[in-house]
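Structure assessment
Residues per chain, in single letters:
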Amino acid sequence: MTTMEFSRLGRLPAKLIGRLGRLSATVQFVLAGSIVMVACMLAVGRFLSAVLTREVIHDTAIVTALLLDSIIDPVAQGLAGPEPLPPAAIERLDAVLDEPGFRERFPYLEIWRPDGTVAYSNTRELIGRTFEPPAGLRAALAGEVSAQYADLTAQEHVVRGFGTRYLEIYSPIREHRTGRIIGVTEIHEVTLPLADRVGESRMLGWAVVAGTTALMMVSLYGIVHRASRTIRRQRAALEGRMHELEQVSEANLRLRRRVQNASIRAAEVNEMSLKRIGAELHDGPSQLVGAAALKLETVKRAPDRRSRVLEIDKVAQTLRDALRELRDIAQGLMLPEIEGLSLAQVVERAVRGHEAKTGAAAAVTLRNAGIALSHAVNICAYRFVQEGLMNAFWHGSGKGLRVDCSVEGAQLLLSVADEPRRGATPGRDKSRGGMGLRGLRHRVESLGGVMHLDVSEENGSRLEMVLDMSDVPSDE
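Worth saying up front: this structure is predicted, and the values here are computed from it rather than measured.

The strand order E2-E1-E5-E4-E3 describes an open sheet built from 5 strands, whose pairing is antiparallel. If you trace the sheet from one side to the other, it starts and ends with strand E2 (118-121) and strand E3 (146-149), each paired once. Taken over all neighbouring pairs, the strand axes of this sheet differ in orientation by 20 degrees on average, direction set aside. For E3 and strand E4 (residues 167-174), the ladder comprises 4 bridges, and the chain directions are antiparallel. By the bridge assignment for E4, Ser-146 is matched with Tyr-170. The sheet strands contacting helix H3 (residues 87-98) are strand E1 (108-112) and E2, and the helix crosses E2 at an angle near 45 degrees.

A positive phi is found at Asn-368, a non-glycine position, where the angle reads about 55 degrees. By the element assignment, Asn-368 lies in the loop between strand E6 (362-367) and helix H11 (375-395). The exposed category is assigned to Asn-368, whose relative accessible area is 53%.

With that out of the way, let us pick up the pairing of E4. Within E4, 7 of the 8 residues are buried, leaving the element largely enclosed by the surrounding structure. From the end of E4 to the start of strand E5 (residues 181-189), which pair antiparallel, there are 6 residues, and Gly-179 there has a positive phi angle of about 80 degrees.

Inspection of the secondary structure puts Thr-123 in the loop between E2 and helix H5 (135-141). On the basis of relative accessible area, Thr-123 is assigned to the buried category, the value being 9%.

Across the protein chain, pLDDT averages 77, with 78% of residues at or above 70. Low pLDDT, under 50, characterises residues 424-434; the stretch is placed with 17 contacts to residues that sit more than four places away or in other chains.

Moving on, we come to the sheet that holds strand E8 (residues 411-417). Taken together, the 5 strands give an open sheet; going across it, the order is E6-E7-E8-E10-E9, and neighbouring strands pair in mixed fashion. Two strands close off the open sheet at either side, each with one partner strand: E6 and strand E9 (450-456). Sheet twist, expressed as the mean angle between neighbouring strand axes with direction ignored, is 10 degrees. Here 6 bridges tie E6 to strand E7 (residues 401-408), and the two strands are oriented parallel to one another.

What follows is about a nonpolar patch on the surface. A surface patch of nonpolar side chains, amounting to about 270 Å² of accessible area, comprises Met-216, Leu-220 and Ile-223. For Met-216, the position within the fold is in helix H7 (residues 191-283). Owing to a relative accessible area of 41%, Met-216 belongs among the partly exposed residues under this scheme.

Before going further, it helps to spend a moment on the pattern of salt bridges. This structure, assessed with the given rule, holds 6 salt bridges. A salt bridge links Asp-94 to Arg-124, with the shortest nitrogen-to-oxygen separation between them at 2.4 Å. A residue pair is termed long-range when its members are at least 10 positions apart, and Asp-94 in helix H3 and Arg-124 in the loop between E2 and H5 qualify at 30 residues. A relative accessible area of 43% means that Arg-124 is categorised as partly exposed. With a closest N to O distance of 3.0 Å, Glu-175 and Arg-180 form a salt bridge. On the accessibility criterion, Glu-175 (8% relative accessible area) is buried. Arg-180 gets classed as partly exposed once you look at its relative accessible area, which sits at 41%. One network of salt bridges, with partners in common, ties together Glu-175, Arg-177 and Arg-180.

In this structure, Leu-343, Phe-384, Val-385, Leu-412, Leu-414 and Met-465 are the most contacted members of the largest nonpolar core, which totals 39 residues. Looking at this core, the element that brings in the most residues is H11, giving 12 residues. Setting aside anything within four residues of it in sequence, one finds Leu-343 in contact with Ala-369, Ile-371, Leu-373, Asn-378, Ala-381, Cys-405, Val-407 and Leu-412. Ranked by size, the runner-up nonpolar core spans 22 residues in total, among them Ile-72, Ala-89, Leu-97 and Ala-119.

What follows is about helix H12 (residues 437-446). Taken as a whole, H12 has its buried residues at Gly-439, Leu-440, His-442 and Val-444. In the segment just after H12, Gly-448 is the residue with positive phi, at about 90 degrees.

Definitions and limits used
Residues numbered from 1 in each chain as written. Predicted model: local features only at pLDDT ≥ 70, side-chain atom pairs only at ≥ 80, totals over all residues. Heavy atoms only, no water. Pairing = 2+ DSSP bridges. Helix = DSSP H or I, 4+ residues; strand = E, 2+ residues; numbered from the N terminus. Axes fitted to C-alpha atoms, helices over the stretch in contact; angles between N-to-C directions. Contact = heavy atoms within 4.5 Å. Buried < 20%, exposed > 50% of the residue type's maximum accessible area, 1.4 Å probe, protein only. pLDDT = per-residue confidence, 0-100. Patch = residues over 30% accessible without salt bridge, like charges linked within 9 Å, V, L, I, M, F, W, Y side chains within 5 Å. Areas by Shrake-Rupley, 256 points an atom, 1.4 Å probe, with all protein chains shown as cover. Salt bridge = Lys/Arg side-chain N within 4 Å of Asp/Glu carboxyl O. Core = buried A, V, L, I, M, F, W, Y, C linked by side-chain atoms within 4.5 Å.

Following this line, the structure appears as structure tokens:
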């Protein structure tokens, strides 16, 4: 066998173990338990079979010894002396052995003296001969009834040319007066009936062992199968929980990143807002106040009272313009009271505020919007409509303004659109623009929503936001 073949053989157990490891616990138990149970059943069966065989042989020997005691002991009392058995005793023994029923079951009979001399045998050439005492003889001389299968190599059997292993039963012969052992009866019993009894006992023993093993296997299989199903259910539930935890962990990670990004963007938006407010204060009220201060010099140099009054009126008008600019800026920063309003009312208030400020009308379409939402959603919706309309007014056509608001399940859809822009629109300052779409996008995304701006020459501009309100924390 080559080295490669040895290597392949070495990999076989590893592959087998790997395949077994992929099987269910119930199948693994059935395979392993069957091997162990069968091995134990074979061991117990063999042990029980040996015990039953020994007990059957022992019981047979006891019964046969009782039979011999009733027949042989009265005839063999002459063994107490050194003389041979009298002819009358031998005739009685021959008569017993000549009975058909007895001879069929017990074909041979010997009576031994304690020194190993055969005092009687239905094989006449053995009478008077001395042989090595067999083990059964020695046990019987010690007072025990013993039984064993015939040793065909023993000298007394070789002389007779034995070819059949009879069951040899040795029973002690006691003197009636003293109870001492004066001889041993050895009788050879045909083993066929005994073999039948032994076979029946073995079959019964194997049946009991097999039935008990099967019952134990079925019981243990039921327990393991039930436990295996419980483990599978718990494993499936645990895997489901682990999958849910992974999803929640990923969602939390994404949320944390969004919060971090929103915080960064909020700081940027605040900075932009401060810059915008500073720019508006510098370009608007600050310039007007500066102009009023310059006009005061003109007032001082006025040649007469009438000229002075005219210049003072101009200064007052300039200061009123500055005050109006300050009020406009403050009004843009302040949020009207919208807490407790429904979504439809919030959208209507934002549209009406825009109309009052710019004079540009906007059409409103509401679907399923008469519901109360969290304050954060109301603020987002208000600022979206406010900034969308203002952006369309200052940077779009400013015509055909439309606001669409609908709620489908937990999803809020809000859009602001206008008509296509064709040429410049007189009277509109292109330098203005509110907080801008960047800050508005950050506000929408901070609530988990998305915002999209679509601008085309054919369809005009459309600003749209989609918000899943189930992800927005409630006010409670």
